[in-house]
Amino acid sequence: MFAVHLMAFYFAKLKEDQIKKVDRFLYHMRLSDETLLDIMARFQAEMEKGLGKDTNPTASVKMLPTFVRAIPDGSEKGEFLSLDLGGSKFRVLKVQVSEEGKRNVQMESQFYATPNEIIRGNGTELFEYVADCLVDFMRTKGLQHKKLPLGFTFSFPCRQTKLEEGVLLSWTKKFKARGVQDTDVVSRLTKAMRKHKQDLDVDILALVNDTVGTMMTCAYDDPYCEVGVIIGTGTNACYMEDMSNIELVEGDEGRMGINTEWGAFGDDGALEDIRTEFDRELDLGSLNPGKQLFEKMISGLYLGELVRLILLKMAKDGLLFGGAKSSALLTKGKIETQHVAAMEKYKEGLANTREILVDLGLEPSEADCVAVQHVCTVVSFRSANLCAAALAAILTRLRENKKLARLRTTVGMDGTLYKIHPQYPKRLHKVVRKLVPNCDVRFLLSESGSAKGAAMVTAVACRVQAQRKQIDEVLALFQLTREQLVGVQGKMRAEFEYGLKRKTHALATVKMLPTYVNGMPDGTEKGKYLALDLGGTNFRVLLVKIRSGRRSVRMYNKIFAIPLEIMQGTGEELFDHIVQCIADFLDYMGLKGAQLPLGFTFSFPCRQANIDKGTLIEWTKGFKATDCEGEDVVDMLREAIKRRNEFDLDIVAVVNDTVGTMMTCAYEDPNCEIGLIAGTGSNMCYMEEMRNIELVEGHEGKMCINTEWGGFGDNGCIDDIRTQYDVEVDEGSLNPGKQRYEKMTSGMYLGEIVRQILIDLTKQGLLFRGQISERLRTRGIFETKFLSQIESDRLALLQVRRILQQLGLDSTCEDSIVVKEVCGAVSRRAAQLCGAGLAAIVEKRRQDQGLEHLKITVGVDGTLYKLHPRFSLVLQETVKELAPQCDVMFLLSEDGSGKGAALITAVAKRLQQPLREN
């Protein structure tokens with residue numbers, strides 16, 4: 001028993017001594033945590049450099065865009081071919097992806113040798129050999145007469161400008177075929193396949209790096225997978241990068257797979273401080289001296305050779321084998337990575353080490369075996385450490401891109417070194433988790449290799465192609481041609497004429513209501529005025545003080561909510577609520593007994609017989625108060641004031657909000673003769689020649705006309721541009737069949753149009769994995785403010801996804817892009833339609849005045865115009881295009897239509913003065 005303990009002690013001491021001896025000899029290969037964090041930071045800087053347009057040419061880490069924009073979502077289906085060229089064997093596969101999202105893949109494959117004379121010979125012969133192997137596979141599997149899409153895994157650095165194209169930058173590993181570098185490998189293979197036209201009917205849809213193939217294979221099983229790493233003959237990594245960070249590719253939307261080509265990290269000297277004499281010696285004896293220096297410290301092609309060079313140097317220094325060297329130990333390539341893996345095997349490692357050393361013609365002692373085994377450990381541990389540092393840099397970038405405190409992600413892994421080395425995965429995982437403690441990383445082994453991934457990329461490309469076609473068909477419904485816009489302009493102009501004429505007025509959808517506002521502010525207005533502004537869910541009461549001559553206005557206001565039960569209750573309740581709000585305001589301002597002239601901005605279609613009389617034609621914008629339509633709203637307000645019996649007010653004018661907007665802007669710019677509201681509702685007013693207004697007596701001067709253009713199209717004249725979504729929104733509204741133009745252009749409805757489109761696209765399986773959330777089914781849940789937010793240039797897709805999450809929608813990056821496109825199509829059409837209507841009025845004003853060229857200002861108000869990032873620009877461009885002889889300036893009304901109501905009241909008072917004096 002004592003002897004056994006003595007032997008165990010002797011062996012433990014021997015092992016400890018040998019390990020210390022090797023550690024002293026290879027101390028440069030032992031990398032501290034501090035060094036690894038430093039390497040991680042260096043790699044992050046190299047990634048940044050590779051992504052930049054100006055810095056990419058000098059970057060050693062090339063960060064090549066792959067044009068893979070989406071990962072599998074489970075809806076892929078069909079039969080695909082895949083080729084895998086890049087390692088010691090070449091493989092052809094047929095991949096069958098099942099339908100109905102069952103994530104079931106069946107594969108049949110065949111391996112073909114890649115002889116040295118082929119991979120180091122002529123490039124044309126290489127691609128002809130690949131085509132020959134593909135034909136053989138098709139014949140063997142009985143696929144000659146099938147037309148199949150093909151994905152080509154090509155595991156060498158390529159510069160891609162699209163998914164199905166790639167120019168070889170340089171060969172790596174053992175490949176050296178002549179005349180291929182700087183040419184498109186897809187074109188080369190296509191040309192080789194043309195020689196077999198009888199047997200091959202194949203479309204190459206995707207060229208894929210093996211890391212991308214690995215990532216896509218694993219992403220099919222785990223949607224969290226967004227990184228692919230190969231640690232095999234060579235080493236490389238890819239990951240999904242935000243498009244906004246990839247300066248080499250046009251566009252900022254979505255994400256794209258980036259093939260880092262990290263094997264070349266250090267080719268610019270960035271790793272010189274950690275490279276050893278053995279690394280330099282190995283590099284000098286390689287096929288590509290000075291290149292792929294990071295790969296030469298890590299990958300399976302080189303680890304065995306590194307171990308051989310170290311053992312040879314130790315033997316020469318008398319530290320191993322008693323200084324003896326065998327011819328095998330002196331021969332390049334005699335120790336392979338599989339030998340390194342075998343020597344590190346748990347329990348069997350030492351026995352394997354002895355056997356391998358004896359096979360190399362050496363006579364190792366027990367101590368030699370322990371030392372050699374530890375050399376293998378140091379070399380492979382350094383490899384895992386370096387891989388971990390670079391991978392940690394990628395994971396940190398993903399976390400920062402997503403602005404997360406903690407990242408949950410999956411890394412797809414492949415490669416013979418990772419698979420066959422008994423300790424490698426465990427070491428890599430441990431170091432990665434230590435370097436990025438704020439990342440929860442799952443490592444998923446790619447069982448089927450990168451070739452399945454090429455088929456998955458092809459399947460995704462087919463799916464995206466088909467989905468894109470369907471999505472484009474929907475979006476095309478909202479793309480108006482110039483001819484269509486000219487048609488809208490002409491029809492709107494015709495409706496203006498119908499509305500102004502006594503005979504046709506009753507039939508016109510655009511009501512052209514006289515407002516009895518005959519004059520514009522001239523700067524002499526002065527005094528204190530009360531103004532009311534009713535037109536949405538908020539009601540505003542204002543005190544407006546106007547100073548004469550200086551065009552100076554001071555305003556005090558208070559906003560009151562109008563509850564839904566009041567909006568849709570009785571008329572008496574509505575006007576009593578308004579008077580209660582006025583009483584609160586007067587009390588708040590200390591004006592309870594004051595006698596003040598009042599202007600009432602009432603933003604609903606009214607027929608006026610005078611400036612202080614307005615009969616409500618119909619409610620819009622969600623109002624439904626009973627016993628109001630057909631009644632004079634000024635009388636209803638007066639009655640409510642009487643019922644309250646607390647104060648008396650002089651109601652001088654009832655005004656539409658567009659008129660208020662025009663008057664507010666005309667106070668600043670006398671050239672302003674048009675008022676436009678593009679907000680919750682949509683409407684326009686303008687100054688018309690009295691001679692054209694048949695509904696009002698008199699031919700002298702001008703009068704403001706409230707067009708009430710929201711009703712344009714209620715007679716079916718724009719049905720040719722209405723979509724099924726417009727019809728659904730209209731039918732679900734409070735006033736079906738009415739205000740059709742407004743329902744295509746205003747803030748109250750645009751979000752609802754988007755919601756209808758999203759539901760339809762989801763039903764077709766084109767969004768949100770076909771899952772419609774309960775919240776998305778709720779009418780009105782997609783507010784128009786979401787369009788403005790989603791279309792904002794400053795908003796990253798991550799924030800778009802957060803908005804969608806508020807709506808209970810679990811969106812992918814691709815979903816977010818589609819939602820953004822839908823919002824853009826709906827809002828652009830709205831702005832163009834508004835622009836066409838406005839172009840009709842400015843052209844009418846030009847022609848009425850007999851001018852060659854008209855200069856006019858449009859006063860504008862409304863949340864859609866103010867807050868949407870594109871609406872105002874598209875509207876202005878449309879007016880310019882459709883009315884080229886009109887120089888139209890747009891002036892934003894900062895103070896709203898309430899100030900306009902006070903100004904109209906002031907102008908009315910001014911105009912009444914001479915009449916009173918007479």
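Note: the structure precedes this text.
Described below are features of the structure shown in this document.

So, how was this worked out
- Residues numbered from 1 in each chain as written.
- Predicted model: local features only at pLDDT ≥ 70, side-chain atom pairs only at ≥ 80, totals over all residues.
- Heavy atoms only, no water.
- Salt bridge = Lys/Arg side-chain N within 4 Å of Asp/Glu carboxyl O.
- Helix = DSSP H or I, 4+ residues; strand = E, 2+ residues; numbered from the N terminus.
- Buried < 20%, exposed > 50% of the residue type's maximum accessible area, 1.4 Å probe, protein only.
- Arc of directions from axis to C-beta.
- Contact = heavy atoms within 4.5 Å.
- Polar contact = N/O pair within 3.5 Å; in protein donor to acceptor, adjacent residues only side chain to side chain.
- Phe/Tyr/Trp six-rings, centres within 6.5 Å; stacked < 30°, edge-to-face > 60°.
- Pairing = 2+ DSSP bridges.
- Axes fitted to C-alpha atoms, helices over the stretch in contact; angles between N-to-C directions.
- Core = buried A, V, L, I, M, F, W, Y, C linked by side-chain atoms within 4.5 Å.
- Parallel < 35°, antiparallel > 145°, perpendicular 65-115°, else oblique.
- Left-handed = near helix turned anticlockwise from the far one by under 90°.

Under the definition given, this model contains 57 salt bridges. Between Glu79 and Lys94 there is a salt bridge, with its nearest N and O atoms 2.8 Å apart. Here Glu79, found in strand S2 (residues 78-85), pairs with Lys94, found in strand S3 (residues 89-97); they are 15 residues apart in sequence, far enough to count as distant. Residues Glu79 and Lys94 agree in their burial class; the two are buried. Here the salt bridges share partners, and the residues they tie into one network are Arg493, Glu497, Lys501, Glu688, Lys844 and Asp848.

A few words on helix H5 (residues 185-193). When H5 is considered as a whole, its buried residues turn out to be Val185, Val186, Arg188, Leu189, Ala192 and Met193. All buried residues of H5 fall inside an arc of 160 degrees around its axis, so they share one side. On its buried side, H5 packs onto S2, helix H4 (123-140), strand S5 (148-154), strand S7 (165-168) and strand S8 (202-208).

Right, let's talk about the side chain of Arg308 for a bit. Locating Arg308 in the fold gives a position in helix H8 (residues 300-316). Of note is the side chain of Arg308, whose polar atom sits 2.7 Å from the backbone oxygen of Leu329. Setting aside anything within four residues of it in sequence, one finds Arg308 in contact with Leu329, Leu330, Thr331, Lys332, Gly333, Lys334 and Ile335.

This next bit is on the packing of aromatic side chains. In the structure shown here, the tally under the stated rule is 23 aromatic pairs. A ring pair is formed by Phe43 and Phe265, whose centres lie 5.1 Å apart and whose planes are at 75 degrees; its orientation type is edge-to-face. With a gap of 222 residues between them, Phe43 in helix H2 (residues 33-51) and Phe265 in the loop between strand S11 (255-259) and helix H7 (277-284) connect regions that are remote in the sequence. The class of Phe265 is buried, set by a relative accessible area of 0%. Note on Phe604 and Trp619: the rings are 4.9 Å apart at their centroids and 85 degrees apart in plane angle, and the pair reads as edge-to-face. Here Phe604 is found in the loop between strand S18 (597-602) and strand S19 (606-610), whereas its partner Trp619 is found in the loop between strand S20 (613-616) and helix H18 (633-644), with 15 residues between them in sequence.

Okay, the pairing of S20 next. The alternating pattern of S20 places Gly614 and Leu616 on a buried face and Lys613 and Thr615 on a face that is not buried. When S19 meets S20, the two strands line up antiparallel, connected through three bridges. Considered in S20, the bridge of Arg607 is made with Thr615. The turn linking S19 back onto S20 is made up of two residues.

Adjacent strands of a sheet pair through backbone hydrogen bonds, lying either parallel or antiparallel. Pairing is mixed in the open sheet, where five strands are placed in the order S4-S3-S2-S5-S8. Each end of this open sheet is capped by a strand with a single partner; those strands are strand S4 (105-113) and S8. Across this sheet, the average inter-strand angle for adjacent strands is 20 degrees, counted without regard to direction. Inspection of the sheet shows S2 paired to S5 by five bridges, in the parallel sense. Across the sheet, residue Ser82 finds its bridge partner in S5, namely Gly151. Taken strand by strand, H5 contacts S2, S5 and S8, and its axis lies near 155 degrees from that of S8. Against the sheet, helix H6 (residues 210-221) engages S3, S4, S5 and S8, with an angle of about 100 degrees to S8.

For the rest of this paragraph, the subject is the nonpolar core. Ile231, Trp262 and Leu428 are the most contacted members of the largest nonpolar core, which totals 116 residues. Sorting elements by how many residues they give to this core places helix H11 (residues 366-401) first, with 20 residues. Once residues within four sequence positions are removed from consideration, Trp262 is found in contact with Phe43, Val229, Thr235, Asn236, Ala237, Phe294, Cys387, Ala390, Leu391 and Ile394. Met512, Ile718, Leu750 and Ala839 belong to the second largest nonpolar core, which has 102 residues in total.

For the rest of this paragraph, the subject is the environment of Ala609. As for its placement among the helices and strands, Ala609 is situated in strand S19. C-alpha separation for the pair Ala609 and Leu37, spaced 572 residues apart in sequence, amounts to 81 Å.

Our next topic: the packing of H2 against H11. Contact geometry of H2 with H11 gives a least axis separation of 8 Å together with a crossing angle of 55 degrees. Our classification of the angle between H2 and H11 gives oblique. The handedness of the crossing between H2 and H11 comes out as right-handed. Contacts from Leu36, Ile39, Met40, Phe43, Gln44, Met47, Glu48 and Leu51 of H2 reach H11 at Asn385, Leu386, Ala389, Ala390, Ala392, Ala393, Ile394, Thr396 and Arg397.

Worth remembering: the numbers are spatial, not functional.
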